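# Fold and geometry: a report
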Amino acid sequence: PDFEYARAALRAGAMDYILKTCLPESLDEVLLRVRQSLGLEGLADNAPDARLDTGARLKEHLDRIVRSPFDLRDVAKAWGYNPLYLSRAFKALVGVSPKRYHTKAKIDLVMTMMKKDHRLLLKEAASIIHFDDELYLAKVFRKETGMSFSEFRRKLDDGG
């Protein structure tokens with residue numbers, strides 16, 4: 001909020017400054033200008049690769065923790081990233097947000113478990129995938145699959 005800090009940094013030789021509210025896009029732009037000014041233009045092409053690598057790393061993490069709760073802010077903090085940057089890196093790779101991907105993976109897991117055991121109860125499924133509320137799981141299940149938990153069970157029982 002105090003522009004004097006930015007002004008002092010620029011006088012001391014800083015090439016630019018970045019507002020926290022615009023971090024991902026601004027950082028890429030500023031790093032590109034710094035690389036160009038240092039004669040490292042070829043390295044600037046690696047910025048999209050770094051973002052995709054970060055997205056791939058998050059995807060691997062989400063695939064490992066399907067049964068666990070997920071909070072992007074916690075992962076971002078542990079990995080030293082901005083949550084918005086992580087989310088954008090992931091979406092650039094996968095096409096959906098990390099939360100959406102994780103939720104879909106949980107529903108896919110429930111469907112797989114139901115195919116193995118048609119008697120799986122909604123309450124048991126919610127416990128296994130760490131949904132605090134079985135009614136919320138029922139709502140998410142319907143949204144993701146287009147049918148209720150019991151309709152999916154009936155479909156399996158009918159051989160479908």
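### Description of the overall build of the protein chain
When helices and strands are counted, the protein chain shows ten helices and zero strands. Secondary structure of the protein chain in N-to-C order comes out as α-α-α-α-α-α-α-α-α-α. Expressed as a percentage of its 160 residues, the buried residues of the protein chain come to 31%.

### Here we look at the pattern of salt bridges
According to the stated counting rule, one finds six salt bridges in the structure shown. Its salt-bridge partner being Arg119, residue Asp117 comes within 3.4 Å of it at the nearest N-O pair. Taking relative accessible area as the criterion, Arg119 reaches 67% and is therefore assigned exposed.

### Quick notes on the nonpolar core
Of all hydrophobic cores here, the largest spans 21 residues; its most connected members are Val110, Met114, Leu137, Phe141, Phe149 and Phe152. Where this core is concerned, the elements lending two or more residues are helix H7 (98-116), helix H8 (122-128), helix H9 (134-145) and helix H10 (149-157). It is H7 that contributes the most residues to this core, seven residues altogether. Beyond its immediate stretch of four places on either side in the chain, Phe149 contacts Val110, Met114, Leu120, Leu121, Leu122, Ala125 and Phe141. Core analysis: the next-biggest nonpolar cluster, separate from the first, contains ten residues, Leu58, Leu62, Ile65 and Ala76 among them.

### Let's talk about the side chain of His102
With respect to the element layout, His102 can be found in helix H7. Of the polar contacts made by the side chain of His102, one reaches the backbone oxygen of Ser68; its length is 3.3 Å. Apart from residues no more than four positions distant in its own chain, His102 is found in contact with Leu62, Ile65, Val66, Ser68, Pro69 and Phe70.

### Quick look at helix H5 (residues 72-79)
Within H5, the full set of buried residues consists of Leu72, Val75 and Ala76. Projection of H5 onto a plane perpendicular to its axis shows the buried side chains occupying an angular sector of 100 degrees, all on one side. Exposed positions of H5 whose direction lies more than 90 degrees from the buried face are Arg73, Asp74, Lys77 and Ala78. Its side-chain oxygen at 2.9 Å from the backbone nitrogen of Arg73, Asp71 defines the N-terminal cap of H5. Gly80 occupies a position one or two residues after H5 and carries a positive phi of about 80 degrees.

### With respect to unusual backbone geometry
Phi at His130 takes a positive value of approximately 60 degrees, unusual for a residue other than glycine. By the secondary structure assignment, His130 is in the loop between H8 and H9.

### Examining the packing of H7 against H10
Two numbers describe how H7 lies on H10: the axes approach to 10 Å, and their chain directions differ by 40 degrees. In terms of axis orientation, H7 runs oblique to H10. Crossing geometry of H7 relative to H10 is assigned as right-handed. Facing Val110, Met111, Met114 and Lys115 of H7, the residues of H10 in contact are Phe149, Phe152, Arg153 and Leu156. Here the residues of the contact of H7 with H10 are counted per class, giving six nonpolar, no polar and two charged.

### Quick word on the packing of aromatic side chains
In the structure shown here, the tally under the stated rule is five aromatic pairs. Look at Tyr81 and Tyr85: their rings are 5.6 Å apart centre to centre, the planes differ by 15 degrees, and that puts the pair in the stacked class. With centroids separated by 5.7 Å and ring planes inclined at 65 degrees, the aromatic side chains of Phe141 and Phe152 adopt a geometry described as edge-to-face. On the criterion of sequence distance, the pair formed by Phe141 in helix H9 and Phe152 in helix H10 is long-range, its members being eleven residues apart.

Procedures and definitions
Residues numbered from 1 in each chain as written. Predicted model: local features only at pLDDT ≥ 70, side-chain atom pairs only at ≥ 80, totals over all residues. Heavy atoms only, no water. Helix = DSSP H or I, 4+ residues; strand = E, 2+ residues; numbered from the N terminus. Buried < 20%, exposed > 50% of the residue type's maximum accessible area, 1.4 Å probe, protein only. Salt bridge = Lys/Arg side-chain N within 4 Å of Asp/Glu carboxyl O. Core = buried A, V, L, I, M, F, W, Y, C linked by side-chain atoms within 4.5 Å. Contact = heavy atoms within 4.5 Å. Polar contact = N/O pair within 3.5 Å; in protein donor to acceptor, adjacent residues only side chain to side chain. Arc of directions from axis to C-beta. Axes fitted to C-alpha atoms, helices over the stretch in contact; angles between N-to-C directions. Parallel < 35°, antiparallel > 145°, perpendicular 65-115°, else oblique. Left-handed = near helix turned anticlockwise from the far one by under 90°. Nonpolar A, V, L, I, M, F, W, Y, C, P; charged D, E, K, R; others polar. Phe/Tyr/Trp six-rings, centres within 6.5 Å; stacked < 30°, edge-to-face > 60°.

All we've got here are geometric facts, nothing functional implied.
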